[in-house]
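Report on the structure
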Amino acid sequence: MPQDLKLKAAQKRGIHQLGGDELVGWDEVTQGVILTSFEGDASDIAHKKAEERNYSDFNSYTATVAPWRVIKPVFNRDICIDCQNCWVWCPDSSIISRDKQMLGIDYDHCKGCEVCSQVCPTNPKSLLMFSEYEELDVALSQWPEKKKKEKK
Ligand code: SF4
Ligand code: SF4
């Protein structure tokens with residue numbers, strides 16, 4: 001599975017960037033205003049599949065916040081033990097995991113907070129933070145070696 005895997009749903013939903021020419025960015029929204037997640041009647045929304053829902057422009061499902069990120073997590077499949085720690089702790093639901101197998105990062109929604117890297121228990125970590133502009137294959141080529149335990 002490629003690292004820059006994007007959910008099929010993400011490709012279907014016509015994802016756009018908040019703060020673009022036609023949209024209002026979060027910093028322009030009046031404080032206290034109510035932003036609806038869906039257009040129209042949403043009373044039955046829980047029973048609708050994602051692709052059937054009428055998302056509003058302010059639903060984070062349809063918008064990317066990737067430009068906010070300065071550093072990004074890079075995932076190293078070779079070391080990962082699929083413990084799911086990163087999936088549990090990510091505050092933005094940006095870890096892609098299926099059937100308890102870690103697949104990669106949803107870079108449309110990851111904000112680069114580093115929590116996933118901090119909670120990764122492997123040695124070396126299977127998630128490390130790199131500059132947003134670093135190529136994934138270059139980042140992987142720079143992965144640190146396993147740290148040896150210090151003798152007491
Ligand atoms: S850097 Fe933060 S937002 Fe991005 S995947 Fe890791 S925990 Fe989630
Ligand atoms: S926390 Fe680390 S080892 Fe656990 S699933 Fe995530 S990347 Fe893999």
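Our structure's up above, just so we're on the same page.
Model, not experiment: these values are computed from the prediction. (Residues numbered from 1 in each chain as written. Chains lettered and ligands numbered in written order. Predicted model: local features only at pLDDT ≥ 70, side-chain atom pairs only at ≥ 80, totals over all residues.)

The next subject is the pairing of strand β5 (residues 101–105). Burial analysis of β5 places 4 of its 5 residues in the buried class, the great majority of the element. Taken together, the 4 bridges between strand β4 (residues 95–98) and β5 define a ladder with antiparallel strand orientation. Pairing of I96 across the sheet is with G104, part of β5. Between β4 and β5, which pair antiparallel one after the other, the connecting turn spans 2 residues, and D99 there sits at a positive phi close to 50 degrees. (Buried ≥ 20, exposed ≤ 12 C-beta atoms within 10 Å, placed from the backbone. Helix = DSSP H or I, 4+ residues; strand = E, 2+ residues; numbered from the N terminus. Pairing = 2+ DSSP bridges.)

As a further point, take the nonpolar core. Counting residues in hydrophobic clusters, the biggest one holds 14 residues, and the most contacted among them are C86, I95, I105, C116 and L127. Counting only elements with at least two residues in this core, the list comes to β3 (71–75), β5 and β6 (127–131). For this core, the element with the highest residue contribution is β5, accounting for 3 residues. Discounting residues that sit within four places of it in the chain, C116 has contacts with P73, C86, W89, C90, I95 and L127. (Core = buried A, V, L, I, M, F, W, Y, C linked by C-beta atoms within 7 Å. Contact = placed C-beta atoms within 7 Å.)

With respect to spatial proximity, 13 residues lie near ligand 1, and among them C90, C110, C113, V115 and C116 are the closest. Class assignment for the residues of the shell around ligand 1 results in 8 nonpolar, 2 polar and 3 charged. (Near = placed C-beta within 6 Å. Nonpolar A, V, L, I, M, F, W, Y, C, P; charged D, E, K, R; others polar.)

Of all residues except glycine, most have a negative phi; of all peptide bonds, most are trans. With omega at -5 degrees, the peptide bond leading from N123 into P124 counts as cis. Relative to the helices and strands, P124 resides in the loop between α3 (115–119) and β6. Phi at Q84 takes a positive value of approximately 75 degrees, unusual for a residue other than glycine. Tracing the sequence through the fold places Q84 in the loop between β3 and α2 (85–89). Residue class for Q84 comes out partly exposed when judged on the 13 C-beta atoms lying within 10 Å of it. Phi at S93 takes a positive value of approximately 50 degrees, unusual for a residue other than glycine. Turning to its location among the elements, S93 is positioned in the loop between α2 and β4. A tally of 11 C-beta atoms within 10 Å means that S93 is categorised as exposed.

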